[in-house]
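This is what each chain is made of:
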Amino acid sequence: MFELKYHTPFNWTEKVLADFDTFLQDHAAAEKKASGMAMSMLGHYPDRIKLVKAMTDLAIEEMIHFKQVLKLLTERGVTLGNDQKDPYIKGMRALFRQGTDEFLIDRLLVAAVIEARGHERFSLVAEALSEGKEKDFYVSIAKSEEKHKNLFVELGYEYFDKDIIDARLVEILEAEAVICKKIPFTAALH
């Protein structure tokens, strides 16, 4: 449905694979936060029936992903770990505008771009991993993230004019590319 303006180089996966346990801890935190974001959105917009249903389903799916990552951590003898501040998410949240409609548009489109970044990076992780259940898991997670990115744009189209959504999406994609270029590669999703 849309393309990212910044493409993560494959050598990002070197940092991930060099400290895969830390990456898994970060991934678990990201899934937990994504579920919380979906719950927050459905709580803030109870009158938007399609959004409520979509965010309910998304919150459950993200918690299932969290549970799957937690299982991988447990199998490796690694604890969940403490949530870390995410400079990428902080930068993306700074894009939110004031105003009822503008804020909802930005929440939807920022979420779409975050999911698109997840799709891209989880795909890179899947490509870098050796054959096995971890590779299969990341192939599956990447597909799920792609579906989510499209969901948020479709919700934008449901509630707002397509031209408004498309124009703002381009602005957010351009800002996201700048944010990505500033963040050094670590064993983290963002």
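Residues numbered from 1 in each chain as written. Predicted model: local features only at pLDDT ≥ 70, side-chain atom pairs only at ≥ 80, totals over all residues. Heavy atoms only, no water.

- The name that an unreviewed UniProt entry assigns to the chain is tRNA-(Ms[2]io[6]A)-hydroxylase, with the source organism given as Pseudoalteromonas phenolica.

## A few points about helix 3 (residues 49-75)
- The end-to-end C-alpha distance of helix 3 is 39 Å, a good match for the 39 Å that 27 residues give at a rise of 1.5 Å each.
- Among the residues making up helix 3, those that are buried are Leu51, Ala54, Met55, Leu58, Ala59, Glu61, Glu62, His65, Phe66, Val69, Leu72 and Leu73.
- In this fold, the buried residues of helix 3 make contact with helix 2 (20-44), helix 5 (100-128) and helix 6 (133-159).
- At the C-terminal side of helix 3, glycine 77 shows a positive phi close to 75 degrees. (Helix = DSSP H or I, 4+ residues; strand = E, 2+ residues; numbered from the N terminus. Expected span 1.5 Å × (residues − 1). Buried < 20%, exposed > 50% of the residue type's maximum accessible area, 1.4 Å probe, protein only. Contact = heavy atoms within 4.5 Å.)

## Quick notes on the environment of asparagine 11
- Tracing the backbone through its elements, the reader meets asparagine 11 in the segment before helix 1 (12-18).
- Among the residues examined, asparagine 11 registers a relative accessible area of 39% and is labelled partly exposed.
- In sequence terms asparagine 11 and valine 110 are 99 residues apart; their C-alpha atoms lie 25 Å from each other.

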